[in-house]
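# Survey of secondary and tertiary structure
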Amino acid sequence: MATFLYRLGRGAFRRRGLVALIWVALLFAAGFGAASASAPTSGSFSIPGTEAQKAFDVLDEKFPGMAADGATARIVIKAPDGAKVTDPAPKAQVEKIVEDLKSGPGKDQISSVADPFQSQAVSQDGSTAYISTKYKVSGMELTDATRDALKESGKGAQAQGLTVEIGGDALMTAPETGPGEIVGIVVAAIVLVITFGSLIAAGLPLLTALIGVGIGVSSITALANVLDLGNTTATLATMIGLAVGIDYALFIVSRYRAELAEGRARDEAAGRAAGTAGSAVVFAGLTVVIALVGLAVVNIPMLTKMGFAAAGTVVIAVLVALTLVPAILGFAGKKVLPAGEKSKLFGKGKPAGTEKKANGGTRWARFVLRRPVTVLLAGVIGLGVIAVPAGKLEMGLPDDGAQPVSTTQRKAYDLLSDGFGPGFNGPLMVVVDGDRALADKTVDRIKGLEGVAAVTPPTPNEAGDAAVITVVPKDRPSSTATEDLVHTIRDGSGDDVLVTGATAMNIDFSQKMNDALLPYLALVVGLAFLLLMLVFRSILVPLKAALGFLLSVVAALGAVVAVFQWGWLGSLFGVEQTGPIMSMMPIFMVGVVFGLAMDYEVFLVTRMREAYVHGERPGQAVVTGFQYSARVVVAAAVIMIAVFAGFIGATEQMVKMIGFGLAVAVFFDAFVVRMAIVPAVLALLGHKAWWLPRWLDRLLPNVDVEGESLRKHLAGASDSPEGPDKDRELVNA
């Protein structure tokens, strides 16, 4: 593979104009597709194999249109202290809101508006009422005129002293990342300038990463409605694509400069960089893709699509690093080098290769080799302490109660809770697939259960062979008592009585996430273990890599629980409302972080393996690996942390939480596991670290990440009569 990548990189360098033109054309084509496509919707949500989903399937069959995905809104009206909404003046204002919605600018997208005085949507004390509004389309498909009409509907009532707040998903908008994403890119640029000492070299990874992300995200936007991808898929693909795109280009450029320092010609340096660092990029990218595609094992379509879309962006980042980066290096010429190095490398100063003072990576590696046990214990114990809060992890799906207290959605949620009870914001929908007698019997049984605040009479369908019952719990939707009530109703019912609704879907989703976590870990870690065993020709090195990842990801989960669930330092990260951790967070973070953690493992340990294969002793191989890779790995980690941390400023709680979780996970994995625990373990293992049974060595194919076959190929080409010209023919073939 190294030989193929060498030819690919050198060919891209020589035919840089054509390669650059192809990528620019792809960018414009993807951009045109995105601009031509309609705005993405929120995406459908289903959980195959759960009781809540079975109930929705029965609703689709027996109550056509009832389970539609149209947006909903609740306009909550509260009278001033001492007054009631049923008093003549407040009542007139409420009725005016109803009429304005029915006849206003957004009337064509409204399917129904319920008058609270006719639908019994007035609290017992008469202080609060709500207007239920249903729309024909999802919240993301509502026009600005419709959304504005909803927001303005209560202005007149507010002027008369009434409190009016709006809840529901009709006000849903695409998540905004805020200025943090720009700050992350700026930090990445600063790190690149410091690392390379050249503005051109620093800008190259940013440029190529933005082109790759632009193609990937534009493609996702163009296909969003066709593939039902949802509105958060592009944001997550941007997060991952930017991080890996910058890192992969960084490694290629860094190796290219190292090859120039050895006196190589520019096209030869580009080819060798693609053949060596490019091999590591390919396998690092494969681990990320495996982790993201592996999300399909959870069997939740939304999560599967998110994983595949993000994996596609990673594949584009790998292809960009292997082709577009060498092409742009061809355009950049000597400008990728620091000013002083340009003269040194081309014969006008201190000769290249002159012995230099040991760099920071070398000094750190020697320190770890002198105290491997101390470093190992400090790293493991430190991460273990941070991981402790993960034992108290509570999972759930966000609702309006998780919104910041300053939003109208959260205020509406609190008004409903105060006026109608905590459980009113999370009613349960009981679907009875049977006649009226079974429905009445079900109502009588549920009324006798502990934790039930109210039960509505059954609402039958036209055929009379099914009915819907609404159950209002006494406790809030995310409480343990409400979860127990759902299980109690289900346990005492037969297959013809099903519990669904947002609260039940939340419970089923969290359970499915828990059940899938171990199989997912086994699949992803197992496949990546085999891949790393191919790369490193070792059993203990991949095992160490997997165990180190588990330690860092559990510590990251502990940090997420401490900040987002317990509220520690919450104000520092913009967390206005604490609550359960999103159900998909642990498994999604496991997938993404595992792939990214293996990036650093591959880039750092590949250089150690290369030195070991060429005869260096195990300890010296560790030092050599750090000498050439530590600076770049640190820069890559800082860049990735900056990019992920930039998403902490997002308005969407899920994006904010994932950005924080990924940022701290990369910090723990790069700086504690890879930079400290890994060299400590390798120092203690010595030669055993690179042990592989002979029978297994013969069985496994040789992928040659170290580029040994490439060296032999180049040596043979230079000794042959045709020499480099023959190799040039192979490149151009």
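### Remarks on the side chain of Thr133
Along the chain, Thr133 falls in strand β3 (residues 128-135). A relative accessible area of 1% places Thr133 in the buried class. Sequence-distant contacts of Thr133, that is, excluding residues within four places in its chain, are made with Ala71, Thr72, Ala73, Ile75, Leu101, Ile110, Ser112 and Val113.

### Structural notes on the sheet that holds strand β1 (residues 72-78)
Each strand in a sheet pairs with its neighbour through backbone hydrogen bonds, running either in the same direction (parallel) or in the opposite one (antiparallel). Reading across from one edge, β2-β3-β1-β4 is the order of the 4 strands in this open sheet, with antiparallel pairing throughout. Only two strands of the sheet have a single partner each, and these edge strands are β2 (110-114) and β4 (163-167). Here the strands of the sheet are splayed against their neighbours by 15° on average, with no regard to which way each runs. With 7 bridges connecting them, β1 and β3 associate as antiparallel partners.

### Focus: helix α8 (residues 199-227)
Between its terminal C-alpha atoms α8 stretches 40 Å, which fits the 42 Å expected from 29 residues at 1.5 Å a residue. Largest kink in α8: about 30°, centred on Thr221.

### Concerning the nonpolar core
Within the largest apolar cluster, 167 residues are counted, with the highest numbers of intra-cluster contacts made by Tyr248, Tyr256, Leu303, Phe549, Phe588 and Phe644. With 19 residues, the single largest contributor to this core is helix α22 (residues 653-685). With sequence-adjacent residues up to four places away left out, Tyr248 is seen in contact with Val281, Ala284, Gly285, Val288, Val314, Ala317, Val318, Ala321, Asp599 and Phe603. In this structure, Ile77, Val98, Tyr135 and Ala170 belong to the second largest nonpolar core, which totals 23 residues.

### Re the packing of helix α1 (residues 2-14) against helix α11 (residues 301-332)
Two elements in contact, α1 and α11, have axes separated by 7 Å at closest approach and are oriented at 45°. Our classification of the angle between α1 and α11 gives oblique. Note on packing geometry: the crossing formed by α1 with α11 is right-handed. Contacts from Leu5, Leu8, Gly9, Ala12 and Phe13 in α1 reach Leu322, Thr323, Pro326, Ala327, Leu329 and Gly330 in α11.

### What to know about the confidence of the model for the chain
Within the chain, residue pLDDT values average 83, and 89% of them lie at 70 or more. No element of the chain has a lower mean pLDDT than helix α25 (residues 724-732), at 40, and none a higher one than helix α14 (residues 372-387), at 95. Counting interchain partners and residues more than four positions distant, the pLDDT-below-50 stretch residues 342-355 has 16 contacts. Contacts for the low-pLDDT stretch residues 719-733, under 50 throughout, to residues beyond four places or in other chains number 14 contacts.

### Remarks on the pattern of salt bridges
Per the stated rule, a full pass over the model turns up 17 salt bridges. Where Asp433 meets Lys62, a salt bridge forms, and the shortest distance between an N and an O atom there is 2.6 Å. With Asp433 in the loop between β6 (428-432) and α16 (436-447) and Lys62 in helix α3 (residues 51-62), this residue pair connects regions lying 371 residues apart in the sequence. Among the residues examined, Asp433 registers a relative accessible area of 28% and is labelled partly exposed. The buried category is assigned to Lys62, whose relative accessible area is 16%. Taken together, the salt bridges that share partners define one network made up of Lys544, Glu601, Asp669 and Arg674.

### Concerning the packing of aromatic side chains
Considering all chains together, one arrives at 10 aromatic pairs under this definition. Between the aromatic rings of Tyr612 and Trp690, the centroid separation amounts to 5.6 Å while the plane-to-plane angle is 25°, which identifies the pairing as stacked. Here the residue Tyr612 occupies a position in helix α20 (residues 585-613), and Trp690 occupies one in the loop between α22 and α23 (694-699), the gap between them amounting to 78 residues. Here the aromatic residues Tyr130, Phe420 and Phe424 are joined through ring pairs into a cluster of three or more. Note that Lys91 overlies the ring of Phe117, its terminal NZ or CZ placed 5.2 Å from the centroid. A cation over an aromatic ring shows up here: Arg607 above the ring of Tyr628, its NZ or CZ 4.5 Å from the ring centre.

Scoring rules and cut-offs
Per chain, the residues get numbers from 1 upward, laid out in the order the sequence is written. Residues qualify for local features only when their pLDDT is at least 70, as the model is predicted, and side-chain atom pairs are given and counted only at 80 or more; totals for whole chains, interfaces and linings, by contrast, use all residues. Here the side-chain values reflect all heavy atoms present in the structure, with hydrogen atoms and water set aside. A run of DSSP states H or I qualifies as a helix once it reaches four residues; a run of E qualifies as a strand once it reaches two. Both are numbered from the N-terminal end. Residue burial is assigned from relative accessible area. The probe radius is 1.4 Å, only protein chains are included, and a residue is buried under 20% of its type maximum, exposed over 50%, and partly exposed in between. We call two residues in contact whenever any of their non-hydrogen atoms come within 4.5 Å of each other. Any two strands with at least two DSSP bridges between them are considered paired. Lines fitted to the C-alpha atoms define the axes, with helices restricted to the stretch that makes contact. Angles between their N-to-C directions range from 0 to 180 degrees. The length a helix should cover is 1.5 Å for every residue beyond the first. We define the bend at any residue as the angle between the axes fitted to the seven residues before and including it, ending there, and the seven starting there. Nonpolar core, defined: a set of buried Ala, Val, Leu, Ile, Met, Phe, Trp, Tyr and Cys residues in which side-chain atoms within 4.5 Å join the residues together. Angular relationships are summarised with four words: roughly parallel below 35 degrees, roughly antiparallel beyond 145, roughly perpendicular across 65 to 115, and oblique for the angles in between. With the far helix as reference, a near helix turned anticlockwise by less than a right angle produces a left-handed crossing, and one turned clockwise produces a right-handed crossing. How sure the predictor is of each residue is captured by pLDDT, a score from 0 to 100. Here, a salt bridge means any Lys or Arg side-chain nitrogen found within 4 Å of an Asp or Glu carboxyl oxygen. The pairing test for Phe, Tyr and Trp rings, Trp by its six-membered ring, is centres within 6.5 Å, and the orientation test on the planes gives stacked under 30 degrees, edge-to-face over 60, and tilted for anything in between. By the criterion adopted, a ring carries a charge over it if an Arg CZ or a Lys NZ lies within 6 Å of its centre and within 35 degrees of its normal.

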